[in-house]
Amino acid sequence: MSRQRSPETSTSERSARAPAGAEWLLPTYRRFDIEFVRGAGALLWDADGNEYIDLLAGIATTQLGHAHPLLVATLRAQGERLWHVSNFFYTEPMVRLAERLARRSLGGGVFFCNSGAEAIECALKLARRARPGGDFVVLEGAFHGRTFGALSVTPQPAKQEPFAPLVPGVRVAPRDDPEALRALVDERCAAVLVEPVQGEAGVHPIASEVLAAARAACDEQGALLVFDEVQCGIGRTGSLFAYHHEEVAVEPDVLCLAKGLGGGFPIGACITRPALREALQPGDHGSTFGGNALACAVANAVLDVVDDVAFLRGVRDRGERLRAGLASLGLAVRGRGLMLAFEIEDAPALVERALYEQRLVLNATGPTTVRLVPPLVISEQQLDEALARLARLLGG
Ligand SMILES: *Cc1c(COP(=O)(O)O)cnc(C)c1O
């Protein structure tokens with residue numbers, strides 16, 4: 001029986017294997033031959049009982065680690081009460097989450113959806129409402145998602161070209177040139193989209209001068225500044241939102257969230273400034289599952305833990321510990337908080353060896369980049385143990 005598996009692993013003598021039935025999944029991802037069955041905090045166990053340290057967190061989503069007691073209790077309690085009633089009605093978890101997110105960020109309104117790409121779609125439609133027919137400016141290396149609108153503002157030929165034609169009118173600015181960015185934003189521009197810390201590109205914090213230039217250009221031209229914090233939001237960089245960080249200090253008009261917001265439960269949100277609260281009217285946009293009670297209850301519990309000064313200080317402290325540990329291995333580290341990356345020759349090979357030889361879950365965002373986005377609750381001891389395993393890999 002033929003299975004979708006990576007060529008490297010199929011020739012090795014590892015016990016790892018894909019589960020029976022794996023061939024029924026479309027091969028849109030190159031999966032490792034590991035089936036995880038259980039998790040607790042920053043640890044994972046596979047079907048053979050092997051224990052792993054998780055430095056990926058479901059791609060920066062399980063902020064509180066696996067099976068966090070508060071999230072489990074919240075999901076169970078909400079599950080026994082009410083799941084979903086549609087957006088024709090209100091539920092308490094939905095309204096409470098909207099108020100908390102708006103008060104802690106831009107102060108306007110919140111649209112709920114189920115993923116990052118959908119949060120971006122909402123931002124694009126908002127921008128088109130504010131400037132009919134307007135186009136979009138994005139930064140080189142950006143990743144905003146896989147749906148057609150989000151893909152259209154994701155300037156990566158390998159991802160875009162097979163699916164052309166996309167939404168026209170997207171202009172790409174270099175990610176480190178404030179003047180070039182300013183020059184691209186004109187009176188046709190509906191929105192500038194920026195990840196304050198680019199994630200999929202390999203963890204690149206955008207310089208504050210570039211963010212300030214984007215803000216100034218949007219103000220001059222009447223365009224919206226959209227921050228895509230799908231990956232870098234919800235405590236990931238050591239502040240609740242990346243734009244709260246003192247190294248950013250620029251406020252957007254629209255904020256997109258997903259990934260960490262649900263701690264592993266699917267939810268996305270698009271948040272506006274007060275002036276944009278009425279931009280989308282009934283019938284303009286929607287999402288059947290958006291704002292469902294289960295997702296909103298869990299997201300409220302995530303905020304209960306993450307939106308806390310001591311918790312966020314802990315993220316910064318452990319981020320510094322991880323950064324220092326990586327640096328002491330001779331690696332050039334970049335990133336912020338617990339969103340870090342380093343460059344190394346053949347990153348995919350290192351990630352694979354880390355997984356099978358050291359039971360360390362990492363991710364390569366490109367041929368030479370290894371990304372580390374552990375659960376925000378990972379302990380100092382677990383970080384130190386992960387660094388020791390990495391040291392063994394690099395040494396041997
Ligand atoms: C993951 C990601 C997205 C897309 O989110 P999905 O939930 O996969 O649709 C968008 N923007 C950024 C910055 C991301 O990291």
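Because the structure is predicted, anything quoted here is derived from the model rather than measured. Every chain is numbered independently, its residues counted from 1 as its sequence is written. Residue-level local features of this predicted model are given only where pLDDT is at least 70; pairs of side-chain atoms are given and counted only at 80 or more, and the full residue set underlies all totals for whole chains, interfaces and linings. The side-chain figures draw on all heavy atoms in the structure; neither hydrogens nor water molecules are used.

**Topic: the overall build of the protein chain**
Part 1 of the reasoning: A count of helices and strands for the protein chain gives 13 helices and 17 strands.
Part 2 of the reasoning: Over its C-alpha trace the protein chain gives a radius of gyration of 21 Å, about what one expects of a compact globule, namely 21 Å for 396 residues.
Part 3 of the reasoning: Put simply, 70% of the contacts in the protein chain that link residues at least 6 apart link residues at least 24 apart.
Part 4 of the reasoning: Accessible areas in this description were obtained via Shrake-Rupley with a 1.4 Å probe; residue shielding takes into account the shown protein chains only. Surface accessibility of the protein chain: about 17,300 Å² in total, with carbon and sulfur atoms responsible for 54%.
Part 5 of the reasoning: Only four residue types enter the charge count, namely Lys and Arg as positive and Asp and Glu as negative; His and the chain termini do not. Lys charges are placed at NZ, Arg charges at CZ, Asp charges at CG and Glu charges at CD. One way to put it: in the protein chain the 40 positive side-chain charges average out to a point 3 Å from where the 48 negative ones average out. Secondary structure follows DSSP: runs of H or I at least 4 residues long count as helices, runs of E at least 2 residues long count as strands, and numbering of each begins at the N terminus. For the radius of gyration, the atoms used are the C-alpha atoms, and the globule rule reads 2.2 Å times the number of residues raised to 0.38. In this description, contact between two residues means that some pair of their heavy atoms is separated by no more than 4.5 Å.

**Some remarks on the nonpolar core**
Part 1 of the reasoning: Joining through side-chain atoms within 4.5 Å is the link that ties buried Ala, Val, Leu, Ile, Met, Phe, Trp, Tyr and Cys residues into a set, and such a set is a nonpolar core. For each residue, the accessible area found with a 1.4 Å probe, counting protein chains only, is set against the maximum for its type, and the residue is called buried under 20%, exposed over 50%, and partly exposed in between. Counting residues in hydrophobic clusters, the biggest one holds 76 residues, and the most contacted among them are Leu101, Leu181, Val192, Phe227, Leu257, Leu326 and Phe342.
Part 2 of the reasoning: Looking at this core element by element, the count peaks at 9 residues for helix H10 (residues 293-306).
Part 3 of the reasoning: Counting 25 residues, the second-largest nonpolar core is a separate cluster that includes Ala119, Ala123, Leu124 and Leu224.

**Thoughts on the environment of Val197**
Part 1 of the reasoning: Locating Val197 in the fold gives a position in strand S8 (residues 197-198).
Part 2 of the reasoning: Beyond its immediate chain neighbours, meaning those up to four positions away, Val197 contacts Val203, His204, Pro205, Cys232, Thr237, Arg336 and Met339.

**Description of helix H9 (residues 208-221)**
Part 1 of the reasoning: With 14 residues, H9 should cover 20 Å at 1.5 Å per step; its first-to-last C-alpha distance of 20 Å lies within 8% of that length.
Part 2 of the reasoning: Those residues of H9 hidden inside the fold are in contact with strand S5 (135-139), helix H8 (178-184), strand S7 (189-194) and strand S10 (224-228).
Part 3 of the reasoning: Gly222, located one to two residues past H9, shows a positive phi value of around 70°. Here the expected length of a helix is defined as 1.5 Å per residue gap, with one fewer gap than residues.

**Quick word on the sheet that holds strand S15 (residues 360-361)**
Part 1 of the reasoning: Pairing is mixed in the open sheet, where 4 strands are placed in the order S1-S2-S3-S15. Looking at strand neighbours, the two that pair on one side only are strand S1 (36-40) and S15, the edges of this open sheet.
Part 2 of the reasoning: A pair of strands is considered paired only if DSSP assigns at least 2 bridges between the two. Relative to S15, strand S3 (residues 51-54) is paired through 2 bridges, and the arrangement is parallel. Opposite Ile53, over in S15, you have Leu360 as the bridge partner.
Part 3 of the reasoning: To define axes, lines are fitted to C-alpha atoms, for helices over the stretch in contact only, and angles between the resulting N-to-C directions are given on a 0 to 180 degree scale. Of the strands in this sheet, strand S2 (43-46), S3 and S15 are in contact with helix H13 (residues 380-395), which crosses S3 at around 105°.

**Examining the packing of aromatic side chains**
Part 1 of the reasoning: What counts as a ring pair is set by centres within 6.5 Å for rings of Phe, Tyr and Trp (its six-membered ring), and what kind of pair is set by the plane angle: stacked under 30 degrees, edge-to-face over 60, tilted for all other angles. In this structure the tally under the stated criterion is 4 aromatic pairs.
Part 2 of the reasoning: Between Phe88 and Phe89 the ring centres are 6.5 Å apart and the planes differ by 75°, which places this aromatic pair in the edge-to-face class.
Part 3 of the reasoning: A ring pair is formed by Phe241 and Tyr243, whose centres lie 6.2 Å apart and whose planes are at 5°; its orientation type is stacked. Across the pair, Tyr243 and Phe241 agree in class, each one buried.
Part 4 of the reasoning: Counting as a charge over the ring demands two things of the Lys NZ or Arg CZ atom: a distance within 6 Å of the ring centre and an angle within 35 degrees of the ring normal. Arg38 extends its terminal NZ or CZ atom over the ring of Trp45, reaching a point 4.1 Å from the ring centre.

**Quick word on the pairing of strand S13 (residues 333-336)**
Part 1 of the reasoning: Burial along S13 is two-sided: the face carrying Val333 and Gly335 and the face carrying Arg334 and Arg336 are both buried.
Part 2 of the reasoning: Two elements, S13 and strand S14 (residues 339-343), share 4 bridges in a ladder whose sense is antiparallel. Paired with Val333 across the bridge in S14 is Phe342.
Part 3 of the reasoning: Linking two consecutive strands that pair antiparallel, namely S13 and S14, is a turn of 2 residues; a positive phi of about 60° is found at Gly337 within it.

**Looking at the packing of helix H4 (residues 92-104) against H10**
Helix packing geometry: the angle between the two helix axes and the distance between the axes.
Part 1 of the reasoning: Orientation of H4 relative to H10, taken along the N-to-C sense of each, is 40°, at an axis distance of 8 Å. The angle between the axes of H4 and H10 places the two elements in the oblique class. In this structure, the crossing between H4 and H10 has a hand that is left-handed. Here Pro93, Met94, Arg96, Leu97, Arg100 and Leu101 of H4 lie close against H10, whose contacting residues are Ala293, Cys296, Ala297, Ala299, Asn300, Leu303 and Asp304. An angle below 35 degrees is read as roughly parallel, one above 145 as roughly antiparallel, one from 65 to 115 as roughly perpendicular, and any other as oblique. By definition, any crossing whose near helix is turned counterclockwise from its far helix by less than a right angle is left-handed, and any crossing with a clockwise turn is right-handed.

**Digging into the UniProt feature "modified residue: N6-(pyridoxal phosphate)lysine" (unreviewed entry) in the protein chain**
Part 1 of the reasoning: UniProt positions are given in the numbering used here, feature names are shortened, and annotations may be inferred rather than shown by experiment. UniProt records the feature "modified residue: N6-(pyridoxal phosphate)lysine" (unreviewed entry) for Lys259 in the present numbering.
Part 2 of the reasoning: The residue Lys259 is located in the loop between strand S11 (254-257) and strand S12 (268-272) in this model.
Part 3 of the reasoning: In this structure Lys259 comes out as partly exposed when scored by relative accessible area, which is 22%.
Part 4 of the reasoning: When residues no more than four places from it in sequence are discounted, the contact partners of Lys259 are Ile59, Ala60, Thr61, Val230, Gln231, Gly264 and Ile267.

**Structural notes on the environment of Val37**
Part 1 of the reasoning: Mapped onto the secondary structure, Val37 falls in strand S1.
Part 2 of the reasoning: Assessed through its relative accessible area of 52%, Val37 is described here as exposed.
Part 3 of the reasoning: Apart from the residues within four sequence positions on either side, Val37 is in contact with Trp45, Asp46 and Ala47.

**Focus: the site of the ligand**
Part 1 of the reasoning: Close to the ligand lie Ser115, Gly116, Ala117, Phe143, His144, Gly145, Glu195, Asp228, Val230, Gln231 and Lys259.
Part 2 of the reasoning: Within 3.5 Å is the distance limit for a polar contact, defined as a pair of N or O atoms, with the added protein rule that one can donate a hydrogen and the other accept it, and that residues adjacent in sequence qualify only through two side-chain atoms. Ala117 is positioned such that a nitrogen or oxygen atom in its backbone is 2.8 Å from an oxygen atom of the ligand.
Part 3 of the reasoning: Within the backbone of Phe143, one N or O atom sits 3.3 Å away from a nitrogen atom of the ligand.
Part 4 of the reasoning: Surface burial for the ligand is 82%, taken as the share of its 380 Å² of free accessible area covered by protein chains.
Part 5 of the reasoning: Residues of the shell around the ligand, tallied by class, amount to 3 nonpolar, 5 polar and 3 charged. Nearness of a residue to a molecule or strand requires only that one of the residue's heavy atoms be within 4 Å of it. Amino acids outside the nonpolar list (Ala, Val, Leu, Ile, Met, Phe, Trp, Tyr, Cys, Pro) and the charged list (Asp, Glu, Lys, Arg) are all regarded as polar, and Gly is one of them.

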